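A look at the structure
Spelled out from the first residue to the last, the chains are:
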Amino acid sequence: MHKTVLLGETIDSLNLKPGMTVVDATLGGGGHSELAIQKIGEKGTLIGIDLDQTAIDEFKKKIKNKKGSKVYLVKDNFINIRQILKDLKIDKVDAVIADLGWRLDQVKNKEYGMSFQVDAPLDMRLGKEGTRTAYHIVNSWKEDSLVEIFFKYGEERSARKIAKRIVERRKEKEIETTKELEAIIVGNSKTRRGINPATKVFQALRIAVNNELENLEVFLKEAIDVLNNKGRLAVVSFHSLEDRLVKQFFRANTGGCICPKELPVCVCEPEKKLEVITRKPIRPSEEELKENPRARSAKLRVAERRLSLENKNKK
Ligand SMILES: C[S@@+](CC[C@H](N)C(=O)[O-])C[C@H]1O[C@@H](n2cnc3c(N)ncnc32)[C@H](O)[C@@H]1O
């Protein structure tokens, strides 16, 4: 079972009140959504989005026959948040939650072919759509492209060596399963500090298959545009690449000058769209880590929307 990470911290950070409208852009097991529903009550509205139909179906079952907020559940990519709300005839919302990554049950389920802990056909697509699977990348991408994603998304120092081994092996036979790939990566490498040497390459492949960093960038831009003035965006991330992206995005939208240092005067006329609420990311408590060691890399960042006077008047 997936344990929701930073549950209380995320929901508390949103200042939810009865009657508010909230988007949970990564519904998953619905832990954040359930607590949000308690806060916004019967007059509130929750929109739950997930790429994975299983998450939608399970949450539907969970809330069946329960009294509470108005709930809309949508199977889609969160990059489409603006269109999703438009289709539901909702103009602006009071809060958006994104708890990035995967659920434990996705990682452990053979169907997703995500982890070297489970022997399964290499897949890794969260939404099961499109043709870009881990199998496709590993068996057909050029060696240089493999090196690039292992370096960039996995921060894997042996990227070159591992990519070379993969390309040599696939000349003999296609690499079909998670365990086959693990064996090629691990080779004679030793476990580093109890961590399987295949961890970083598998992370890199999951990011590449699901276009995660590009999606996150688009999502952040879209999400702040659907927020009411003083509406809040909370993002929980699980690796440094995502966290860096969120931090930089928040900073770039706080209205500080982003002109090159060489310019004597500011010409960028930055618009202040956000106020950062968490100067440092919120991390799980010792207590949470004891119960759920998987939460150790989680970081929560929160920002509040600021609409310019002109935009406020448009509402
Ligand atoms: C860490 S889980 C969320 C857990 C949830 N907060 C809970 O309390 O159980 C992340 C979820 O986001 C979904 N997801 C990942 N990328 C997505 C995207 N681009 N669009 C929509 N859903 C996405 C995954 O399928 C997964 O169910």
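Residues numbered from 1 in each chain as written. Predicted model: local features only at pLDDT ≥ 70, side-chain atom pairs only at ≥ 80, totals over all residues. Heavy atoms only, no water.

Focus on the pattern of salt bridges
- One pass over the full model with this rule turns up 21 salt bridges.
- Asp225 is paired through a salt bridge with Arg82; the nearest N and O atoms lie 3.4 Å apart. A residue pair is termed long-range when its members are at least 10 positions apart, and Asp225 in helix 11 (residues 212-225) and Arg82 in helix 4 (residues 81-87) qualify at 143 residues.
- Given a relative accessible area of 27%, Asp225 falls into the partly exposed group.
- Taking the relative accessible area as the measure of exposure, Arg82 reaches 40% and is therefore partly exposed.
- A salt bridge links Arg305 to Asp225, with the nearest nitrogen and oxygen atoms 3.7 Å apart. Placement of the pair is Arg305 in strand 7 (residues 299-305) and Asp225 in helix 11, with a sequence separation of 80 residues. (Salt bridge = Lys/Arg side-chain N within 4 Å of Asp/Glu carboxyl O. Helix = DSSP H or I, 4+ residues; strand = E, 2+ residues; numbered from the N terminus. Buried < 20%, exposed > 50% of the residue type's maximum accessible area, 1.4 Å probe, protein only.)

Some words on the domain arrangement of the protein
- Structurally, the protein comprises domain 1 (7-104 + 212-314) and domain 2 (128-209).
- Using C-alpha coordinates to define each centre, domain 1 is positioned 31 Å away from domain 2.
- Taken together, the contact between domain 1 and domain 2 spans 9 residues of the former and 7 residues of the latter.
- Where domain 1 abuts domain 2, roughly 690 Å² becomes buried across the two surfaces, and 51% of that area is made up of carbon and sulfur atoms.
- Three residues stand out in domain 1 for area buried against domain 2, namely Trp102, Glu212 and Leu241, and they jointly supply 52% of the buried area on that side.
- Linking domain 1 to domain 2 there are 2 salt bridges.
- Linking Arg244 and Glu155 is a salt bridge whose minimum nitrogen-to-oxygen distance equals 3.5 Å.
- Inspection of the region where domain 1 meets domain 2 yields 4 residue pairs in polar contact (both at pLDDT 80 or more).
- The residue makeup of the side of domain 1 that touches domain 2, split by class, is 3 nonpolar, 2 polar and 4 charged. (Domains from an automatic or database assignment. Contact = heavy atoms within 4.5 Å. Buried area = accessible area lost by both parts, 1.4 Å probe. Polar contact = N/O pair within 3.5 Å; in protein donor to acceptor, adjacent residues only side chain to side chain. Nonpolar A, V, L, I, M, F, W, Y, C, P; charged D, E, K, R; others polar.)

Examining helix 10 (residues 199-209)
- Of all 11 residues in helix 10, 8 are buried; the element is thus mostly enclosed.
- Buried residues of helix 10: Val201, Phe202, Ala204, Leu205, Arg206, Ile207, Ala208 and Val209, and no others.
- Where helix 10 is buried, its residues meet helix 6 (134-140), helix 7 (143-154), helix 8 (159-172), helix 9 (178-186), helix 11 and helix 12 (240-252).

What to know about the site of the ligand
- Near the ligand, the surroundings consist of 23 residues, among which Thr4, Asp50, Phe78, Asp99 and Arg103 are the closest.
- Interatomic distance of 2.9 Å between a side-chain N/O atom of Asn77 and a nitrogen atom of the ligand.
- Separating a nitrogen atom of the ligand from a backbone N or O atom of Phe78 is a distance of 2.8 Å.
- Class assignment for the residues of the shell around the ligand results in 7 nonpolar, 11 polar and 5 charged. (Near = heavy atom within 4 Å.)

Points about the packing of helix 7 against helix 10
- Packing of helix 7 against helix 10 leaves a shortest axis separation of 8 Å and a crossing angle of 100°. Relative to helix 10, helix 7 is oriented roughly perpendicular. Note on element contacts: helix 10 touches helix 7 through Lys200, Val201, Gln203, Ala204, Leu205, Ile207 and Ala208, opposite Ile149, Phe150, Tyr153 and Gly154. (Axes fitted to C-alpha atoms, helices over the stretch in contact; angles between N-to-C directions. Parallel < 35°, antiparallel > 145°, perpendicular 65-115°, else oblique.)

Here's the deal with a nonpolar patch on the surface
- Together, Leu263, Val265 and Val267 make up a nonpolar patch on the protein surface, roughly 270 Å² of accessible area in all.
- For Leu263, a relative accessible area of 38% corresponds to the partly exposed category. (Patch = residues over 30% accessible without salt bridge, like charges linked within 9 Å, V, L, I, M, F, W, Y side chains within 5 Å. Areas by Shrake-Rupley, 256 points an atom, 1.4 Å probe, with all protein chains shown as cover.)

Concerning the side chain of Asn228
- Examined against the element boundaries, Asn228 turns out to sit in strand 5 (residues 227-237).
- Side-chain polar atoms of Asn228 contact the side chain of Asp94, separated by 2.9 Å.

Considering the sheet that holds strand 7
- Reading across from one edge, 3-2-1-4-5-7-6 is the order of the 7 strands in this open sheet, with mixed pairing throughout. Strands with a single pairing partner mark the edges of an open sheet, and in this sheet they are strand 3 (70-75) and strand 6 (274-276). On average, each strand axis in the sheet is inclined to that of its neighbour by 15°, with strand direction left out of account.
- Pairing geometry for strand 2 (residues 45-50) and strand 3, over 6 bridges, is parallel. Following the sheet pairing, Thr45 is matched in strand 3 by Lys70.
- Sitting on the sheet, helix 11 is in contact with strand 4 (93-99), strand 5, strand 6 and strand 7, with an inclination near 150° to strand 5.
- Its contacts with the sheet place helix 12 against strand 5, strand 6 and strand 7, and it is angled at close to 20° to strand 7. (Pairing = 2+ DSSP bridges.)

Concerning the packing of aromatic side chains
- Scanning all chains against the criterion turns up 3 aromatic pairs.
- Centre to centre, the rings of Phe116 and Phe202 are 5.2 Å apart; their planes meet at 85°, and the pair counts as edge-to-face. Remark: Phe202 occurs in helix 10 and Phe116 occurs in the loop between helix 5 (104-108) and helix 6; sequence separation between them is 86 residues.
- With a relative accessible area of 11%, Phe116 lands in the buried category.
- Classification of Phe202 as buried rests on a relative accessible area of 1%.
- Between the NZ or CZ atom of Lys128 and the centre of the ring of Tyr112, over which it lies, the distance is 4.2 Å. (Phe/Tyr/Trp six-rings, centres within 6.5 Å; stacked < 30°, edge-to-face > 60°. Lys NZ or Arg CZ within 6 Å of the ring centre and 35° of its normal.)

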